[in-house]
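Structural overview
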Amino acid sequence: MSDAVSTVDPQEIAKFEAMAAEWWDPSGKFKPLHMMNPCRLDYIIGQIAAEFGRDRRRPRAFEGLKVLDIGCGGGLLCEPLARLGAEVTGADAAERNIPVAKLHAEQSGLEIDYRHTTAEAIAEGGERFDVVLAMEVVEHVADPQEFLTVCAGLAKPGGLVIVSTLNRNAKSYLMAIVGAEQIMRWLPKGTHDWAKFITPDELCAQLSEAGLDPVDRKGFVFNPLGWSWSISDRDLSVNYVTASRAPG
C-alpha cells in the first residue's frame, strides 16, 4: 500500500481486519450490512441512473462508467455494480478484506479491480472516476473533512459522490451502539464511536467545503416489525446517505 499521507485510522482498520473472513456470511458479524444492502443498492443505482441518464432495468445499464468504492470490504456493493456493467474498483485499507473480496468475485465470474490501498494513494496516482462511493466510511476516518476533500478530487468533472454515515443524536446512540452492539450483538462492541458520528447538516457543510454540490439526502430506516430497511425522505435520524455532484 502506498505511503501517501492518509486519513486512515489504524485502530478503526484493525476492527475490520479482525472480521474480514465473515464478509459474505449473511448471519455473521456483517449481518447489519447484508440486511441494509438492498436498500443501499437501490439508492446508489437510482442516483447513478438518474445522473447519467441510464435505464436501470436494462442489462449492463452502467457500461462505460468507472466506479470507485472506497472501503469496499468484501465487495457487497462492488459485485452488483459490476453485474450492471460498470468498471468497478474496490479499495480498502484493511489488507485482509482484499483476498476475501477477490476470491468471491472470481467465484462469481466477475472482473473487479480490488486494491489494498487508500483513497489518498489513488488520488495521488491521478485516477478519476464517474462515481465515488464512501458508504459507512467517513465515521471511521481520522479527518472527515480531509477525507471528503480527497473523495471530491477522485471524481471526474460532473461526477457523482455518494456518502453514507450515521447521525449523531440520542436515537443513533441507542440504535447503533446500545442496540446493534450491546443488545443484538450484530457487531462487536466498540465497532462504532458515537462521538465520530456526523449530523446531516455537518456532512453537507463538509461536502460543500470539499468543493462538491450536495443534491440529495435520504434516510435508511430499519423497521423492527418487518425486519427490513427502507429509504425515507424525512427520517435521517440514524442511518442516512447523501449524493453530491463534482463541479464541471
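You'll find the structure just up there.
On to the pattern of salt bridges, then. Tallied over the entire structure, the rule returns 14 salt bridges. When the shortest N-O distance is used, the salt bridge between glutamate 51 and arginine 245 registers 2.7 Å. Highlighted residues: glutamate 51 in helix 2 (residues 31–52) and arginine 245 in strand 8 (residues 239–245), separated in sequence by 194 residues. By relative accessible area, which is 24% here, glutamate 51 ends up partly exposed. Residue arginine 245 is classed as partly exposed on the basis of its relative accessible area of 35%.

Glancing now at unusual backbone geometry. Unlike most non-glycine residues, glutamate 136 shows phi in positive territory, near 55°. Relative to the helices and strands, glutamate 136 resides in the loop between strand 4 (129–135) and helix 6 (144–154). On the basis of relative accessible area, glutamate 136 is assigned to the buried category, the value being 16%. For tryptophan 227, which is not glycine, the phi dihedral falls at a positive 55°. Residue position: tryptophan 227 is located in the loop between strand 6 (213–223) and strand 7 (228–232).

Take arginine 40: it is sitting in helix 2. Each C-alpha atom of the pair arginine 40 and serine 164 lies 9.0 Å from the other, and the pair is 124 residues apart in sequence. Leave out the neighbours within four places in its chain, and arginine 40 touches Leu33, Leu76, Leu77, Met135, Glu136 and Phe220. Of note is the side chain of arginine 40, whose polar atom sits 2.4 Å from the side chain of glutamate 136.

What counts and how
- Residues numbered from 1 in each chain as written.
- Predicted model: local features only at pLDDT ≥ 70, side-chain atom pairs only at ≥ 80, totals over all residues.
- Heavy atoms only, no water.
- Salt bridge = Lys/Arg side-chain N within 4 Å of Asp/Glu carboxyl O.
- Helix = DSSP H or I, 4+ residues; strand = E, 2+ residues; numbered from the N terminus.
- Buried < 20%, exposed > 50% of the residue type's maximum accessible area, 1.4 Å probe, protein only.
- Contact = heavy atoms within 4.5 Å.
- Polar contact = N/O pair within 3.5 Å; in protein donor to acceptor, adjacent residues only side chain to side chain.

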